[in-house]
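# Examination of the molecular architecture
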Amino acid sequence: MGRVGDQPWERVGKEPSDTPFDSVVLLEGEHGSPCYPFLNAGALVTTDALLAGREPKLAPYLDSHGNLQNEPKFSLGTYFHQCAIEMSTEQLARAGRSLEALPWAPKVISPLHARRINALMMTCGHYDGSGEFAFQVGLPSKSGVDGGLLIIAPNIASIAIWSLGLDSYGNSKAGRTTSYARLRHAGFEIA
């Protein structure tokens with residue numbers, strides 16, 4: 001993200017929604033500009049922006065609104081490769097260290113970008129279930145449709161949980177429940 005500056009924010013918003021992560025209806029209302037980068041369409045536009053330079057149904061629509069700079073097939077291929085990255089729970093937790101703001105954490109992104117990513121994780125990290133998770137836990141987090149869940153406790157820890165079985169929003173059902181219990185046990189006040 002540091003390489004392309006603020007350019008992706010001209011093409012992807014920063015606001016949460018109450019629409020499923022794979023909704024075309026939301027994209028139609030926004031005239032091809034996804035409301036945040038964790039939606040399928042938002043991730044696709046962000047991937048396109050990072051390709052230096054441009055879900056199958058979403059790419060042609062984004063392209064028709066001029067929001068892809070590369071051929072849709074190329075952007076989709078790169079997006080699908082990113083979606084297929086394999087990590088262990090420990091690797092996911094370690095990857096989250098760069099967002100914690102600890103002095104000894106890896107410095108792979110700037111503090112400005114870490115702050116922005118944490119803000120988006122807090123407001124949009126659980127798709128249309130983000131408000132409930134933020135209300136219950138109050139920490140930046142990102143759930144994925146693969147069952148992974150990353151929680152950032154700024155200046156304290158990066159927590160990863162992996163559990164299959166998704167709730168109606170596409171978030172890890174057991175991961176969310178487990179995170180509530182584990183955070184309470186660790187001394188966090190959870191609603």
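See the structure printed just above.
Residues numbered from 1 in each chain as written. Predicted model: local features only at pLDDT ≥ 70, side-chain atom pairs only at ≥ 80, totals over all residues. Heavy atoms only, no water.

## Details of the nonpolar core
Counting 18 residues, the largest nonpolar core has Tyr36, Phe38, Leu39 and Met121 as its most contacted members. Contributions of two or more residues to this core are made by α5 (89–96), α6 (111–124) and β2 (148–153). Take this core: its biggest share by element is 4 residues, from α6. Val12, Leu62, Leu76 and Tyr79 belong to the second largest nonpolar core, which has 11 residues in total. (Core = buried A, V, L, I, M, F, W, Y, C linked by side-chain atoms within 4.5 Å. Buried < 20%, exposed > 50% of the residue type's maximum accessible area, 1.4 Å probe, protein only. Helix = DSSP H or I, 4+ residues; strand = E, 2+ residues; numbered from the N terminus.)

## Topic: the environment of Glu30
Note that Glu30 resides in the loop between α1 (24–29) and α2 (40–50). With 16 residues separating them in the primary sequence, Glu30 and Thr46 have C-alpha atoms 16 Å apart.

## Overview of the sheet that holds β2
Within the open sheet, the 3 strands sit side by side as β1-β2-β3. Their pairing is antiparallel. Every other strand in the sheet has two partners, leaving β1 (141–143) and β3 (157–162) as the edge strands with one partner each. Each strand of the sheet is rotated relative to its neighbour by a mean of 10°, with strand direction disregarded. Looking at chain direction, β2 and β3 are connected through 6 bridges and run antiparallel. Residue pairing for β3: Gly148 is matched across the bridge by Trp162. Docked against the sheet, α5 engages β2 and β3, running at close to 150° with respect to β3. (Pairing = 2+ DSSP bridges. Axes fitted to C-alpha atoms, helices over the stretch in contact; angles between N-to-C directions. Contact = heavy atoms within 4.5 Å.)

## Side note on unusual backbone geometry
Of note, Tyr127 is a non-glycine position whose phi angle comes to about 55°, a positive value. By the secondary structure assignment, Tyr127 is in the loop between α6 and α7 (130–136). Despite not being glycine, Asn155 shows a phi value in the positive range, around 65°. With respect to the element layout, Asn155 can be found in the loop between β2 and β3.

## Points about the pairing of β2
Of all 6 residues in β2, 6 are buried, a share of seventy percent or more. Of the two faces of β2, the one holding Gly148, Leu150 and Ile152 and the one holding Leu149, Ile151 and Ala153 are both buried throughout. As defined by bridge partners, β1 adjoins β2 across 3 bridges and the pair is classed as antiparallel. The residue bridging Lys142 from the neighbouring strand is Leu150, located in β2.

## Details of helix α8 (residues 173–185)
The first and last C-alpha atoms of α8 sit 19 Å apart over 13 residues, in line with the 18 Å expected at 1.5 Å per residue. Within the span of α8, buried status applies to Gly175, Arg176, Ser179, Tyr180 and Leu183. Seen along its axis, α8 keeps its buried residues to an arc of 140°; they face one direction. Turned more than 90 degrees away from the buried face of α8, the exposed residues are Lys173, Thr177, Arg182 and His185. Those residues of α8 that are buried are in contact with α7, β2 and β3. Of the residues that open α8, the one with a side-chain oxygen 3.0 Å from the backbone nitrogen of Gly175 is Ser172. At the exit of α8 stands Gly187, carrying a positive phi of roughly 105°. (Expected span 1.5 Å × (residues − 1). Arc of directions from axis to C-beta. Polar contact = N/O pair within 3.5 Å; in protein donor to acceptor, adjacent residues only side chain to side chain.)

Take it as geometry only, folks, not as evidence of what the structure does.
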